[in-house]
Amino acid sequence: MANQVQDLTPDEVSKGVAEGRYLLVDVREPNEVAVEAYPHGVVVPLSTFDPKAIPDPQGKQVVFACRSGKRSVTASLAAQEAGLPYDKHLAGGMLGWKAAGLPSKVGG
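Quick caveat: nothing in here was measured; it's all calculated off a predicted structure.

A. Quick look at helix H1 (residues 10–18). Looking at H1, one finds that the buried residues are Pro10, Val13, Gly16 and Val17. Seen along its axis, H1 keeps its buried residues to an arc of 135 degrees; they face one direction. Those residues of H1 hidden inside the fold are in contact with strand S1 (6–8), strand S2 (22–26), strand S4 (61–65), strand S5 (88–90) and helix H4 (93–99).

So, in structure tokens, the structure goes:
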């Protein structure tokens, strides 16, 4: 079966992070994160993406996020290629996150 990436809504991701079920991995570049970041996100830039750089999720499910939802799919597929079971991403990325009225923070 081909690798697949599951879309999660901003509300699902926000709730999952708050409940300790999800580890949010932001694959945007440091300059983007410096302008606006996800609260509780871990930054692993796609330009230098190495699935081994993702911290141990300690039982949480990894959810990738970016600006619009394209790079997060790429990161999820790359992690799956490396044998990791990380098949979730934030559909709509930061744009969708903000459109849903969820908080972001400045300065990474």
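B. Representation of the environment of Pro45. Examined against the element boundaries, Pro45 turns out to sit in the loop between strand S3 (42–43) and S4. Among the residues examined, Pro45 registers a relative accessible area of 17% and is labelled buried. Residues contacting Pro45, with those up to four places away along its chain left out, are Asp26, Val27, Arg28, Glu29 and Pro30.

C. Quick look at the environment of Ile54. With respect to the element layout, Ile54 can be found in the loop between S3 and S4. Once residues within four sequence positions are removed from consideration, Ile54 is found in contact with Leu23, Val25, Val44, Phe49, Val62, Phe64 and Tyr86.

D. How the structure looks around the packing of aromatic side chains. For the structure on display, the rule yields 3 aromatic pairs. Relative to Phe64, the ring of Phe49 lies with its centre 6.0 Å away and its plane at 70 degrees, an arrangement referred to as edge-to-face. Of this pair, Phe49 sits in the loop between S3 and S4 while Phe64 sits in strand S4, placing them 15 residues apart in sequence. For Phe49, a relative accessible area of 16% gives the class buried.

Criteria and thresholds
- Residues numbered from 1 in each chain as written.
- Predicted model: local features only at pLDDT ≥ 70, side-chain atom pairs only at ≥ 80, totals over all residues.
- Heavy atoms only, no water.
- Buried < 20%, exposed > 50% of the residue type's maximum accessible area, 1.4 Å probe, protein only.
- Helix = DSSP H or I, 4+ residues; strand = E, 2+ residues; numbered from the N terminus.
- Arc of directions from axis to C-beta.
- Contact = heavy atoms within 4.5 Å.
- Phe/Tyr/Trp six-rings, centres within 6.5 Å; stacked < 30°, edge-to-face > 60°.

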